[in-house]
Structures are given as C-alpha cells and as structure tokens.
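So you can see what is in the structure, the chains are spelled out below.
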Amino acid sequence: MDVIRRSQTTMDPSGLTVETPDGKHAPFNSKKIHAALASLTNDPTVVHRVESLIVAQLAGFDVVATGTITATIVETLEQLGYAHMAQSYLKASH
C-alpha cells in the first residue's frame, strides 16, 4: 500500500496521482493537506512549513497511496516536534 511508482524526472506535485484504498485514482490536491493542517493549528507559519515539507516529499512520486500520504503527514509532524498535532491528525483521519 506504500508508494506505487517513484518518478525520477520531476519534483512537481501537479502530476501526482493518488490511489485510494479501493484502487481508484484521483489527482493529488495539496489543498486537502493544507486544510487538514489548518484544522490542527491557527499558526499559518506552522501550516506553511509543514505543508511545504510534505508536498516536497510527495512530489517525487507518480502514484502514491492514501496511506503513504497519511504516514508522510504524521512522520513529518513528529519529526518537526508537533507530536500532539500528529496524534490529532490521526484521530481525525480515522
């Protein structure tokens, strides 16, 4: 359920495709990540910092599973010292 295929030629998330648990594909929408992060904090600096790092990590993929996106969000939040936000995100996403 991790990454389906990694691109070696681009770091642009505009061509990223998301694979849902039922196998369907949808275009990546970074606004969903932004909205999820904004729901966790009122600090726009934190939202921008975390969102930028997450999108940069995902931009190298052609197709990525939703579970990988969730894991990337949680791991990034934890690595930046926002463990409480990571736990809140996990609770909200399940």
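If you're wondering where the values come from, they're calculated on a predicted model, not measured in any experiment.

Asks: What am I meant to see in the environment of A59 here?
Replies: Note on placement: A59 falls in the loop between α2 (44-58) and β4 (61-65). The exposure class assigned to A59 is buried, which follows from its relative accessible area of 1%. Along the primary structure A59 and L16 are separated by 43 residues, whereas in three dimensions their C-alpha atoms are 6.8 Å apart.

Asks: Hey, could you run me through the nonpolar core in this one?
Replies: One broad trend across soluble globular proteins is that nonpolar side chains are buried collectively. In this structure, F28, I33, L58, I69 and L77 are the most contacted members of the largest nonpolar core, which totals 21 residues. For this core, the secondary structure elements donating two or more residues are α1 (30-38), α2, β4, α3 (66-79) and α4 (83-93). No other element matches α2, which puts six residues into this core.

About the thresholds
Residues numbered from 1 in each chain as written. Predicted model: local features only at pLDDT ≥ 70, side-chain atom pairs only at ≥ 80, totals over all residues. Heavy atoms only, no water. Helix = DSSP H or I, 4+ residues; strand = E, 2+ residues; numbered from the N terminus. Buried < 20%, exposed > 50% of the residue type's maximum accessible area, 1.4 Å probe, protein only. Core = buried A, V, L, I, M, F, W, Y, C linked by side-chain atoms within 4.5 Å.

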